[in-house]
Amino acid sequence: MTGVRGARAVSAAAPSRTPSTPRTPRVSRARRFTLALIAAAALAGCASGTTEAAPDATGTTATGTAGTGTTATAAPGPSRSPTGRTPQGTLLVADFGSDTVTFVDPGRDGAGEGGAPIASVEVGTAPYGLAVGEDGRAWVATAEGVAVVDTQRRTRLALIPYETETGPVTTGEYRGGGMGIALAPDGRHVYVGVNVPGGDGTVEVIDTATREVTGVADVGRRPFDVDVSPDGREVYATDHDSFDVTAVDARTLKTRRMEVAPYGTEGGLGSWLKPHYAVVRPQDGRLLLPFEGERLAVLDPRTGEVTVERMTANTHQHGAALAPDGTLLVVGTGPIGADDEDPSLTVRAPGGKERTVPLDGPHEDVAVSADGRTAYVTGGFTRDGYWNGITVVDLNDEKSEPVRLEAGNRPLGIAIL
């Protein structure tokens, strides 16, 4: 039995089921039901119809169209890269609108002022998520396979093809191939969520020493995000289109599917009210999954129980990250319905107190500096309206204005080197 409780939870617990049993749909507000029906007509979890910008013949990435009217310049091609090693604190973003990752100087003191792209490296078609190990290697989930990048020398070392059959290599929001990706705490394995258009996805396990796929586990539909438990024993795929999280035993690859649907599942593939990204809380191993700037689903992976806490941003939400002190950062992408609020970054203290930082235009994912003072929010977005940059937010100074940086082509995933 997966329970849903809390101040703004639905009024009854979800029905008991096996991982393959369809969920009983339920919706909490008339507005949500209407939106789900509209979205269902397009069979879209997050609306389709995105426009991709292609790299030019020199390898320099072409610009995308910003939904806010802001035009960002092209990221530099490899021939324009400065010599020497990549400085510590450089930002690395996955260019979903191209076939590159872009290295970005975050400016003086990492605060954005004076920052700019410094180099791009070709990795593979439509890169989505990325993870960086302590050895400086980045693992990038593309439509073609997982690229391995030496971030110090800014070169691609390998492209590891998927074992899962995902169909033709394409671009856009619903393309097959890698989405969420994470490293094991000991750095010995990489786990990548692989989307299979029209069906359930997989998590593939890569040995970081041999750069080979050593195992495949079946998970839910469109694994937006992948996380690992603090002890490395379990891997969690956030399955966007099946309203659940799949726990994968890192040793045996046995799986458990746990429903996470605080609004119910009515609307099916067309519903907006699905899980997108998660973070794992280190002190207790629970997963935190934000929904619509209204509800924070807290999943206990040991029991499958979900509790719900109130959120206040009231906007569609995607990326999430935890600061070192336990502060939760959540990206508000912007309104879906007429009564939704504009894009924002939610800054939620461990005790639950929240403030929201307004953002200019849609955004997708977020990373936070090691000292917890600065958040970097990518403007790529999986839907239309994206822009080619990063918003830098000073988390200590509530009166400061966010700074916008140019950064690659439709940047989604982000890491701090």
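What counts as what
Residues numbered from 1 in each chain as written. Predicted model: local features only at pLDDT ≥ 70, side-chain atom pairs only at ≥ 80, totals over all residues. Heavy atoms only, no water. Helix = DSSP H or I, 4+ residues; strand = E, 2+ residues; numbered from the N terminus. Buried < 20%, exposed > 50% of the residue type's maximum accessible area, 1.4 Å probe, protein only. Lys, Arg positive; Asp, Glu negative; His and termini not counted. Salt bridge = Lys/Arg side-chain N within 4 Å of Asp/Glu carboxyl O. Contact = heavy atoms within 4.5 Å. Pairing = 2+ DSSP bridges. Axes fitted to C-alpha atoms, helices over the stretch in contact; angles between N-to-C directions. Polar contact = N/O pair within 3.5 Å; in protein donor to acceptor, adjacent residues only side chain to side chain. Core = buried A, V, L, I, M, F, W, Y, C linked by side-chain atoms within 4.5 Å. pLDDT = per-residue confidence, 0-100.

Chemist: Which residues make up the side chain of D365, and what are the values?
Modeler: Looking at the element boundaries, D365 is found in the loop between β24 (354-358) and β25 (366-368). Although buried, D365 forms no salt bridge, and the nearest oppositely charged side chain, R175, lies 12 Å from it. In contact with D365, not counting residues within four places along its chain, are Y277, G319, A320, V331, Y376, V377, T378, L412, G413 and I414.

Chemist: So what's going on with the pattern of salt bridges? Residues and values would help.
Modeler: Applying the stated rule across the entire model yields 17 salt bridges. Among the ionic pairs, R257 bridges to D200, the shortest N-O distance being 3.7 Å. Linking R257 in strand β16 (residues 255-259) with D200 in the loop between β10 (189-195) and β11 (202-207), this pair joins segments that are 57 residues apart in sequence. Of the residues examined, D200 reaches a relative accessible area of 41% and is grouped as partly exposed. Residue E309 is joined to R348 by a salt bridge in which the shortest nitrogen-to-oxygen separation is 2.8 Å. Of the two residues, E309 is situated in strand β20 (residues 305-310) and R348 in strand β23 (residues 344-348); the sequence distance between them amounts to 39 residues. The class of R348 is buried, set by a relative accessible area of 6%.

Chemist: Tell me about the sheet that holds β10, and name the residues and values.
Modeler: Ordered in space as β9-β10-β11-β12, the four strands form an open sheet in which the pairing is antiparallel. Looking at which strands have only one partner, the edges of the open sheet turn out to be β9 (177-183) and β12 (212-218). In this sheet, neighbouring strand axes are inclined to one another by 25 degrees on average, regardless of whether the strands run parallel or antiparallel. One ladder, built from five bridges, connects β9 with β10; its direction is antiparallel. Within β10, the residue paired with A182 across the bridge is Y191.

Chemist: Describe the pairing of strand β3 (residues 100-105), listing the residues and the values that go with them.
Modeler: Summarising burial for β3: five of the six residues are buried, a large majority. Relative to β3, strand β2 (residues 91-95) is paired through five bridges, and the arrangement is antiparallel. Bridge assignment links L91 to a residue of β3, and that residue is V104. The turn joining β2 and β3, which pair antiparallel and follow one another in sequence, is formed by four residues. Examined bridge by bridge, β3 and strand β4 (residues 116-122) share six bridges and lie antiparallel to one another. Bridge assignment links D105 to a residue of β4, and that residue is A116.

Chemist: Would you mind going over the environment of D225 in detail, with residue names and values included?
Modeler: Along the chain, D225 turns up in strand β13 (residues 223-228). Owing to a relative accessible area of 10%, D225 belongs among the buried residues under this scheme. For D225 and I181, which are 44 residues apart along the polypeptide, the C-alpha to C-alpha distance reads 6.7 Å. Beyond its immediate chain neighbours, meaning those up to four positions away, D225 contacts G180, Y236, A237, T238, H276, Y277 and A278. At a separation of 2.9 Å, a polar atom in the side chain of D225 contacts the main-chain amide nitrogen of A278.

Chemist: Before we move on, can you summarise the nonpolar core with the specific residues and values?
Modeler: In this structure, V245, V260, L287, L289 and L299 are the most contacted members of the largest nonpolar core, which totals 17 residues. Elements supplying a minimum of two residues to this core: β15 (244-249), β18 (287-291) and β19 (295-300). Among the elements that line this core, the one with the most residues is β18, at three residues. Ignoring sequence-local partners within four residues, the contact set of V245 consists of Y236, A237, T238, D239, R256, R257, M258, V260, L287, L289 and L299.

Chemist: Before we move on, can you summarise the confidence of the model for the protein with the specific residues and values?
Modeler: Per-chain confidence: the protein averages 84 in pLDDT, with 80% of residues scoring 70 or above. Note on residues 47-82: pLDDT is under 50 here. Beyond four places in sequence and across chains, it has 88 contacts.

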